[in-house]
Amino acid sequence: MKMSGGVEWALHCCVVLTVADHPVPAARLAELHEVSGSYLAKQLQALSRAGLIHSVQGHAGGYVLTRAAAEITVLDVVEAVDGAAPAFQCTEIRQRGPVATPPEACTRPCAISRAMSAADDAWRSALKAVTIAGLARDVTTDNGPGAFDMVRTWLGGPAPAANGRQSGS
């Protein structure tokens, strides 16, 4: 399965939001990950449209998760960013060409379609079994118990100024 780069960015943002003490502006998330602010904004909008994050307006505004991280799956994020359509679309190629199978003989999906659908189902099940809370737990396991302390401290620092540099610099 091929996913857009926006899925990775969106997942990282959701994991960061699990440890944020306050709403995190899109510009701050982009700066934290050193990614394009405009491209990240599109991913955050997709997450917001899907109801996974919410934008808080105002001076102290930014993004927050809409529900507990244990209730948001990786599949939720993938579908928010890349859509829910199956990766494989059967076009019934077996019904074309000089030795085409007649439509009336095609009473069930072909072996290729069945195999691809099974793979898609397995992939979706695997992604649905992993939550944002689980990813955050794995980050802590992989990087140590203080893994998010630096992120939390950094998020609490001065917000980026309009020119892209941090205010107070």
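Up top you'll find the structure we're talking about.
Rules used throughout
- The residue numbering used here restarts from 1 in each chain and proceeds along that chain's sequence as written.
- Owing to the predicted nature of the model, reporting of local features is limited to residues with pLDDT of at least 70; listing and counting of side-chain atom pairs is limited to 80 or more, with chain, interface and lining totals taken over all residues.
- Side-chain metrics in this entry use all non-hydrogen atoms of the structure; hydrogen atoms and water are not considered.
- A run of DSSP states H or I qualifies as a helix once it reaches four residues; a run of E qualifies as a strand once it reaches two. Both are numbered from the N-terminal end.
- Taken over C-alpha atoms, the radius of gyration is set against a globule rule of 2.2 Å times the number of residues to the power 0.38.
- In this description, contact between two residues means that some pair of their heavy atoms is separated by no more than 4.5 Å.
- By this rule, a helix spans an expected 1.5 Å times one less than how many residues it contains.
- Note on classification: 1.4 Å probe, protein chains only; a residue is buried when its accessible area is under 20% of the maximum for its type, exposed when over 50%, partly exposed between these limits.
- Picture the helix axis, draw a direction to every C-beta atom, and the arc is the one those directions span.
- A pair of strands is labelled paired if DSSP reports no fewer than 2 bridges between them.
- Note on method: axes are straight lines fitted to C-alpha atoms, helices fitted across the in-contact stretch only, with angles between N-to-C directions ranging 0 to 180 degrees.
- Angle categories: roughly parallel below 35 degrees, roughly antiparallel above 145, roughly perpendicular from 65 to 115, and oblique for all the rest.
- Amino acids outside the nonpolar list (Ala, Val, Leu, Ile, Met, Phe, Trp, Tyr, Cys, Pro) and the charged list (Asp, Glu, Lys, Arg) are all regarded as polar, and Gly is one of them.

Draft legend 1. A look at the overall build of the protein. For the protein, the count of helices and strands is 7 helices and 2 strands. Counted from the first residue to the last, the protein has its helices and strands arranged as α-α-α-β-β-α-α-α-α. Against the globule reference of 15 Å for 169 residues, the protein gives a C-alpha radius of gyration of 21 Å, more extended than a compact globule. On the principal axes, the C-alpha backbone points of the protein span a range of 75 × 35 × 25 Å. If you take every contact in the protein between residues at least 6 apart in sequence, the share linking residues at least 24 apart comes to 67%.

Draft legend 2. Broad picture of helix α5 (residues 111-128). End to end, α5 covers 25 Å across 18 residues, agreeing with the expected 26 Å (1.5 Å per residue, within 8%). Here α5 has its buried residues at Ser113, Asp120, Trp123, Arg124 and Leu127. Down the axis of α5, the smallest arc covering the buried residues is 95°, so these residues share one side. In this fold, the buried residues of α5 make contact with α4 (74-82).

Draft legend 3. Up close: the pairing of strand β2 (residues 62-65). Pairing of strand β1 (residues 53-56) with β2, which is carried by 4 bridges, proceeds in the antiparallel orientation. Residue pairing across strands places Ser55 opposite Tyr63, the latter belonging to β2.

Draft legend 4. Layout of the packing of helix α1 (residues 5-17) against helix α6 (residues 132-143). It is the contact of α1 with α6, at a shortest axis distance of 9 Å, that shows an interaxial angle of 80°. By the angle between their axes, α1 is roughly perpendicular relative to α6. Here Leu11, Cys14 and Val15 of α1 come into contact with α6, specifically with Ile132, Leu135, Ala136 and Val139. When its residues are assigned to classes, the contact of α1 with α6 shows 7 nonpolar, no polar and no charged.

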